[in-house]
Amino acid sequence: MFKSALINRLLQLRVSTCVGAILCVIAVLQFFTSYGVYNYSHLAPEVIDSQLFKQITPKLHLHKTKPDCNYDEILNNKETVDPWEVPKKIEHFSAKGVDNGTFVPARCNPLFSVAVLVTYRNRQKQLDVFLPYMHNFLRKQSIHYKIYLIEQQDNKPFNRGILYNIGVKEAINDQFPCLILHDVDLLPLDASNLYACTNDPRHMGASIDKFRYVLLYDRLVGGALAIRADQYVAVNGFSNRFEGWGGEDDDLASRLSSHQLNVVRFPREMSRYTMLVHRPEPKNSQRYNIIAENEQKAGVDGLSAMPYHHTRVKNHKMFTLIQVNL
């Protein structure tokens, strides 16, 4: 009797364990299928080169004796860095070839001039990792680039949209044809992630480790976005109305859509990022209302109509600093 009861209990335990395991698998599958897209739509690797926006600033002096830089090796590079291998602190760094955040390859003539714009306030630990990491990453790509750091110095609510608009005006004055709007907490992991614009706006930050490398939603353009300078001007840039965290990227996505600018992406294995840990920013509780109101205001709210601000530009070895008081 005792033996039979024990066997029945073991059988019940196994059944319940199996049921529990099945339910766990179903829950995991539902989580992944309902929250983000893993294999999102993207440019096929074989057409990427034909879609690249190959243009340099007229200010760049090219050497007739040098060949044009070739980017096939970069686009086909399979090297990647695991997120846990990204250094939390970079102590030994050489800024060779970098001046005021600008780098020009010495062995060949670049086909791309790229302004990397980073909005910033009170993120020194992240910046100390971002700058050397990005210079090490970008110098291998044989592109002409310049890093602009746009810092809000006052104590008013952080306004990422205004900061980008201010930085873009400076980059346009320097005649950069390609802009990359980049968060300071994102670091690229894949060597094939060429930092260049495509003919259409390119969302670069679609595969981030914090979000399990899935695209959270199709209209997402935040994190890192490459856009031609003329396209940024055409959509009137970012809205100036978003204070605090959230809303300005979705508003920009609406502006791109209203101008029939389709956002493209590289394949996931060419565009993975790791996100540096930081304290969450306060959310903008009015962001959805502002997005709705801005459907009628994009033409008068943005790059062409910024509120009064005080700006000072300083040159540093690793970046050009744009200090802003709103």
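In short, a report on the structure. None of these values were measured; they are calculated from a predicted model. Along every chain, residues carry numbers that run from 1 in the direction the sequence is written. Whole-chain, interface and lining totals are the exception, using all residues; otherwise, since this is a predicted model, local features are given only for residues with pLDDT of at least 70 and side-chain atom pairs are given and counted only at 80 or more. The basis for every side-chain value is the complete set of non-hydrogen atoms in the structure, without hydrogens or water.

## Regarding the side chain of Arg123
Reasoning step 1: Tracing the sequence through the fold places Arg123 in the loop between strand 3 (113-120) and helix 4 (124-139).
Reasoning step 2: For Arg123, the contacting residues outside a window of four places in its chain are Val184, Asp185, His278 and Glu281. The numbering of helices and of strands both runs from the N terminus, where a helix is a DSSP run of H or I of at least 4 residues and a strand a run of E of at least 2. In what follows, residue pairs with any heavy atoms lying within 4.5 Å of each other are defined as contacts.

## Quick notes on the sheet that holds strand 8 (residues 207-208)
Reasoning step 1: When DSSP locates at least two bridges between a pair of strands, those strands are taken to pair. If you walk across this open sheet you meet the three strands as 6-10-8, and the pairing is mixed. Here the strands that pair on one side only, and so sit at the sheet edges, are strand 6 (186-188) and strand 8.

## Topic: the packing of aromatic side chains
Reasoning step 1: When the centres of two rings from Phe, Tyr and Trp lie within 6.5 Å, Trp using its six-membered ring, the rings pair. Their planes under 30 degrees apart give stacked, over 60 give edge-to-face, and anything left gives tilted. With the rule as written, the count across this model stands at six aromatic pairs.
Reasoning step 2: Between Phe137 and Tyr195, the ring centres sit 5.8 Å apart and the planes meet at 70 degrees, which makes this aromatic pair edge-to-face. On the criterion of sequence distance, the pair formed by Phe137 in helix 4 and Tyr195 in the loop between strand 6 and strand 7 (202-203) is long-range, its members being 58 residues apart.
Reasoning step 3: Note on exposure labels: buried denotes an accessible area under 20% of the residue type's maximum, exposed denotes more than 50%, and partly exposed covers the range between, all computed with a 1.4 Å probe on protein chains only. Phe137 sits in the buried class, given a relative accessible area of 12%.
Reasoning step 4: The ring of Phe266 has Arg202 lying over it, and the distance from NZ or CZ to the ring centre is 3.6 Å. In this scheme, Lys NZ or Arg CZ marks a charge over a ring once it lies within 6 Å of the ring centre and within 35 degrees of the ring normal.

## A word on the nonpolar core
For soluble globular proteins, nonpolar side chains are generally found buried alongside one another.
Reasoning step 1: To define a nonpolar core, start from buried Ala, Val, Leu, Ile, Met, Phe, Trp, Tyr and Cys residues and group those joined through side-chain atoms within 4.5 Å. Formed by 54 residues in total, the largest nonpolar core has its most connected members in Ile143, Leu194 and Tyr195.
Reasoning step 2: Among the secondary structure elements, those contributing two or more residues to this core are helix 3 (72-75), strand 3, helix 4, strand 4 (144-152), strand 5 (178-182), strand 6, strand 9 (224-228) and strand 10 (272-275).
Reasoning step 3: Examining the composition of this core, we find that eight residues originate from one element, helix 4, more than from any other.
Reasoning step 4: Setting aside anything within four residues of it in sequence, one finds Tyr195 in contact with Val114, Met134, Phe137, Leu138, Gln141, Ile143, Ile180, His182, Pro188, Met204 and Tyr273.
Reasoning step 5: By size, the runner-up hydrophobic cluster in this structure holds 28 residues, among which are Leu179, Phe238, Leu252 and Ala253.

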